[in-house]
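The chain contents come next:
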Amino acid sequence: MTKYEQSAWLAAAPRATNGGGLMAWLRNCSGIAAAVIFALALGVGVAGAQQIPKPERASLRVGILPFGNCVSIYFAKERGYFTALGLDVSLVYQDAGVQLLPAMEAGKIDMAYVSALPLLTANSQGFDFVIIAGMSLTQGAKTGAILTLRSGPTKLTELTGKSVGFGPLGSYTDLFGRAALEKAGVDLRTVKVLTGPYAVLPDQLREGQVAAIFTHDPGLSVALSRGARVIATPYEDVSGGSTAFAQVASTRRFARANPKTIEAFVSGLERAMNFLNANETEWRAAIGRFLKLSPEVLAVVQRENYQIAVPVDRLRQIADLATKYGYAQKKVERVENMVWPTAVPKK
């Protein structure tokens with residue numbers, strides 16, 4: 001047992017005061033728990049005890065987006081979960097995942113929150129990014145939806161001849177929005193698809209610049225709080241069920257050089273996910289702080305569940321869509337090779 005691991009285990013214990021603080025705390029523990037803690041403190045191995053890896057590097061630059069899914073990363077940093085594992089995490093904010101990939105490739109950031117589509121597209125062009133952790137699966141309108149005004153279209157076929165806002169070019173919403181229109185029988189040549197920042201979509205809808213928008217939180221909740229309505233949930237409509245929505249990725253060379261750093265980061269992230277999944281009040285408060293939401297918007301924010309594991313079959317489906325609609329230059333073979341061991345579903 002290393003000194004680093006001992007200190008991590010004992011970090012939760014109060015400091016001893018005249019030799020009594022730690023002992024009093026231990027007396028309140030169960031006998032087994034106390035024995036385990038004492039064994040760790042003395043450097044005695046305990047069979048089955050989880051070993052906390054000492055990271056190869058302490059400083060990490062993590063790119064995130066102003067989306068609800070990123071709250072677990074924000075929360076893990078805020079609560080000190082990363083610090084407890086020996087990581088000093090700096091958060092780098094951007095507006096779209098496609099902006100984070102060049103930064104990772106150039107070594108300006110170490111890992112980033114990004115959807116599978118930009119990763120698949122980049123890897124089809126010869127880059128080598130890997131997914132080190134999942135963030136969530138799509139969950140109906142909780143994850144993203146096509147919205148219209150109450151006075152506007154009520155179904156996708158009514159968008160023929162109109163303008164729609166589908167977020168940044170090459171994004172998940174751009175791909176799945178087009179796929180959903182086509183699946184509904186709409187000729188894409190008859191629809192003007194506008195691409196741009198997610199932040200402007202609710203205003204574009206309210207001001208009548210577009211007949212519909214496809215977005216997720218915080219824009220989703222902003223639009224709903226203004227009276228918009230959901231007319232389609234493309235992620236489920238196209239895939240026939242939930243699909244892999246967002247992940248944390250790094251370059252393969254970074255993951256290979258820093259496997260214990262990756263493991264420590266994912267461990268802290270999973271701890272945050274588990275806590276937020278089990279505590280809705282804490283989740284709502286955290287997402288309000290993270291996205292700086294008004295009380296009106298926070299009241300209608302859709303709650304999601306988070307998970308580390310990434311289903312490979314869903315990645316393969318996205319790869320096929322990316323190829324079909326021309327987002328990927330060529331088909332990405334063996335998408336399972338993109339998933340780092342820390343993100344592989346446990347059997």
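Okay, so let's go over this structure. What you are looking at is a predicted structure, and each value in this text was computed from that prediction instead of being measured.

A closer look at the overall build of the protein chain
Argument step 1. Summing up its helical and strand segments, the protein chain has 16 helices and 10 strands in all.
Argument step 2. Every one of the 347 residues in the protein chain was classed for burial, and the buried ones make up 51%.
Argument step 3. With an accessible surface of roughly 15500 Å², the protein chain has 53% of that area assigned to carbon and sulfur atoms.

Details of helix α4 (residues 71-78)
Argument step 1. Within α4, 6 of the 8 residues are buried, leaving the element largely enclosed by the surrounding structure.
Argument step 2. Where α4 ends, the next residue or the one after it, G80, has phi of about 80 degrees, a positive value.

Some details on the environment of A145
Argument step 1. When you line up the elements, A145 lands in strand β5 (residues 145-148).
Argument step 2. A145 sits 70 residues away from T215 along the chain, and the two C-alpha atoms are 6.0 Å apart.
Argument step 3. In contact with A145, other than residues within four places in its own chain, are I213, F214, T215, L220, V230, A232, T233 and P234.

With respect to the packing of α4 against helix α14 (residues 280-291)
Argument step 1. Closest axis-to-axis distance for the α4/α14 pair is 10 Å, and the angle between their directions is 95 degrees. By the angle between their directions, the pair α4 and α14 is classed as roughly perpendicular. Contact residues: V71, Y74, F75 and E78 in α4; W283, A286, I287, R289 and F290 in α14.

Brief notes about the sheet that holds β5
What links the strands of a sheet is backbone hydrogen bonding, and the strands pair in either a parallel or an antiparallel sense.
Argument step 1. One open sheet accounts for 5 strands, arranged β7-β6-β8-β5-β9; its pairing is mixed. Sheet topology places β7 (192-194) and β9 (229-232) at the edges, where each strand pairs with a single neighbour. When strand polarity is set aside, the average angle formed by the axes of neighbouring strands in this sheet is 35 degrees.
Argument step 2. Of the pairings in the sheet, the one linking β5 to β9 comprises 3 bridges and is antiparallel in character. Each residue of the ladder has a partner; that of T148, found in β9, is R229.

A word on the packing of aromatic side chains
Argument step 1. Enumeration according to the criterion identifies 13 aromatic pairs in this entry.
Argument step 2. Judged by centre distance (6.3 Å) and plane angle (75 degrees), the ring pair of F67 and Y113 falls under edge-to-face. One end of the pair, F67, is in the loop between β1 (59-64) and α4; the other, Y113, is in strand β3 (residues 111-114), and 46 residues separate them in sequence.
Argument step 3. Assessed through its relative accessible area of 3%, Y113 is described here as buried.
Argument step 4. With a centroid separation of 6.5 Å and 35 degrees between ring planes, the pair formed by Y93 and F290 is classed as tilted. Of the two residues, Y93 is situated in strand β2 (residues 88-93) and F290 in helix α14; the sequence distance between them amounts to 197 residues.
Argument step 5. Exposure remark for Y93: the relative accessible area of 46% places this residue in the partly exposed category.
Argument step 6. Here F290 falls in the buried class, since its relative accessible area comes to 6%.

Here is what the cut-offs are and how they apply
Residues numbered from 1 in each chain as written. Predicted model: local features only at pLDDT ≥ 70, side-chain atom pairs only at ≥ 80, totals over all residues. Heavy atoms only, no water. Helix = DSSP H or I, 4+ residues; strand = E, 2+ residues; numbered from the N terminus. Buried < 20%, exposed > 50% of the residue type's maximum accessible area, 1.4 Å probe, protein only. Areas by Shrake-Rupley, 256 points an atom, 1.4 Å probe, with all protein chains shown as cover. Contact = heavy atoms within 4.5 Å. Axes fitted to C-alpha atoms, helices over the stretch in contact; angles between N-to-C directions. Parallel < 35°, antiparallel > 145°, perpendicular 65-115°, else oblique. Pairing = 2+ DSSP bridges. Phe/Tyr/Trp six-rings, centres within 6.5 Å; stacked < 30°, edge-to-face > 60°.

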